[in-house]
Amino acid sequence: MTPVGFPHRFIVILLMGWLCAYPAMAQSKEGPVIGVDWAAPDDFRDAASDLVEIAEVGFSAVRMPPVFDEEFYTLADRLGLTLYIELPLVQRSVRELRTDVAGIDSLLGLVLDAGRGHVAAGPIGITRLSDTRSPGGCDAIRQVAQRIQAAGRQAYYTSSFSHSDRCRNTVDFVLLDVLTPYGTSQTVVSSVDLAAQSGSGRMGITGLGAAVSQPQAQGWLHEGSATAQARFMESSLNQVAYSNLSHVFVHRWRDQLLDTSVLPDPWGRNYGLYTSESDPRPALQVVRGILRGLQDTFAFDAGQPADPGRPWFPALGWLMITLTAFLYAGSPRFRTMIPRYFFAHGFFRNAVREAREVLPLTSTAILTVIGLSVGLIATLVITGLKDLPLSIHWYRLLSPGSRTSLTAIMNEPLILTVLIGSTTLLFTSLWMGCWMVAASRRARLLPSQALMLASWPRWQVLLLLLIAMTLEATPGVPLWALLCLSSVWFGTALWATFRTSYDLYKVTGISPLAASLVWLMHPLVMAVFLLVGWSLMHWDEVRFAWHLLMAAW
């Protein structure tokens, strides 16, 4: 970080003098500590300018990564800011918490030494969004908390679990993460109610913010607009200003760069009161007015709501259904084979073995319809579940490059649909190739035969597509509906691999061992076995994932 010289110190002093002349926040009633999430710029001049304005806006605390420059603490002392330092223990399972606590002793010592003698040296966050639902990690947190408390500082951690956190008694207070894509007032109200029920003054919230995903949009009714962010901050800050919460941290001061944090904002969203180019958003004036007691009601243009639908989704879905109907109406052989498949499957299999009714063009069209239908179903489920705590946990575990690529794909659901559908077709074709190779020594298997036996057992996808189209058109689809849809698809897809493998085993006459080995080569079956094996070796992470999934209910 660039050292501050005399001219820069003089500028900071002038800014502080102007700040002192500004009227203090008028509060007639004691409320929570209200701060903001902030990452210090590399240049001290920029960092000092930020801190001065943060104090001028009315924040009394800053939540930030560790800093060791005494100039920060000296400036914060003069501004009346309290620095809440976050240790870099992020998203740890119980086993990882136990292991990593020993590795932060030296870092914790440096943090404590840097703040010694400074009023601004505030509480220290031990871990963020780790598995505190399991009691096994509480001892590790308590060990660090006791060292922090022995140095005269308070200890806390950030939790994803509102009702089932097991480690609250090990620290002075807990911050509940309430970060949502575009701000949810109900989440804030629930947190306030939970704090009122506890009555201990040991619970606060962090992640109070709304993302700006469409900066050019106008009106607070348009989700993702800068005005919608301002409206959310107005309603939320007025709710929490005099609540029983101990702390409230606004998320965040400035938009986060994708590669600069160990805990990146999900899906590249921008939550800042300032843009990354230091342009203020309307929410900044809202926060300033409320925190300084100048104004608590603001007028914003309502505008028009964003178009909630994806017109391509039902259009593509009905295209798949219409194509299937045309195949049924235009192919008499196709119509005669359908009753055989469902009511006389042995006759169906014999017809394929003798290559009398293989219908290569029809089967190719059916497989294409099935692939794109799988893509539509998967896109609906993935986009619907992407903001679950578990999904965001996995997102944050990825490398910066992978996060950037995944975010780009997730922002284009049509491309995601085509990508998943194409991958389904590719994997099915490769698996059919494995069957043709395995059967080459016993009986020649034609591509048209393999294609027909691979596509027909997946007829259930068409029924699931109708359900998916219904859910897509329904606002506020519950979590259980998406989980049920994905579970049913997974079960039917797994059953289809058994059905296809058994039919091919009967048609080709290969040995049961060879048929089993080819079945195991199906990508879905391989994924299941790999997942089971990984889960057995990383049971601690699986339990953490389960806790995060349950936190969404």
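Preceding this paragraph is the structure being described.
Residues numbered from 1 in each chain as written. Predicted model: local features only at pLDDT ≥ 70, side-chain atom pairs only at ≥ 80, totals over all residues. Heavy atoms only, no water.

A. Just unusual backbone geometry, in detail. Cis peptide bonds are those with omega within 30 degrees of zero, and the linkage from His 251 to Arg 252 qualifies with -5°. Note that Arg 252 resides in the loop between β8 (247-250) and α9 (282-291). Look at Gln 91: it is not a glycine, yet its phi comes out positive at around 55°. Structurally, the position occupied by Gln 91 is in the loop between β3 (82-86) and α4 (94-101). Residues other than glycine seldom take positive phi values, yet Ser 278 does so here, at roughly 70°. (Helix = DSSP H or I, 4+ residues; strand = E, 2+ residues; numbered from the N terminus.)

B. How the structure looks around the packing of helix α19 (residues 479-508) against helix α20 (residues 512-520). Viewed as axis vectors pointing N to C, α19 and α20 meet at an angle of 145°, and their least axial separation amounts to 10 Å. You can see that α19 and α20 cross each other, and the crossing is right-handed. Along the contact surface, α19 presents Thr 497, Phe 498, Ser 501 and Tyr 505, while α20 presents Pro 512, Ala 515 and Trp 519. Here the residues of the contact of α19 with α20 sort into five nonpolar, two polar and no charged. (Axes fitted to C-alpha atoms, helices over the stretch in contact; angles between N-to-C directions. Left-handed = near helix turned anticlockwise from the far one by under 90°. Contact = heavy atoms within 4.5 Å. Nonpolar A, V, L, I, M, F, W, Y, C, P; charged D, E, K, R; others polar.)

C. The arrangement of the sheet that holds strand β1 (residues 33-37) in detail. Strand order in the closed barrel made by the eight strands is β1-β2-β3-β4-β5-β6-β7-β8, with parallel pairing throughout. Strand-to-strand twist of the sheet, defined as the mean angle between neighbouring strand axes without regard to direction, takes the value 25°. In terms of strand pairing, β1 meets strand β2 (residues 61-64) through three bridges, oriented parallel. Bridge pairing links Asp 37 to Arg 63 in β2. (Pairing = 2+ DSSP bridges.)

D. Structural context of the pattern of salt bridges. Tallying each qualifying case throughout the model produces 19 salt bridges. Across the pair Asp 50 and Arg 254 runs a salt bridge, and its minimum N-O distance is 2.7 Å. In this pair, Asp 50 sits in helix α2 (residues 44-57) while Arg 254 sits in the loop between β8 and α9, placing the two residues 204 residues apart along the sequence. Residue class for Asp 50 comes out buried when judged on its relative accessible area of 5%. (Salt bridge = Lys/Arg side-chain N within 4 Å of Asp/Glu carboxyl O. Buried < 20%, exposed > 50% of the residue type's maximum accessible area, 1.4 Å probe, protein only.)

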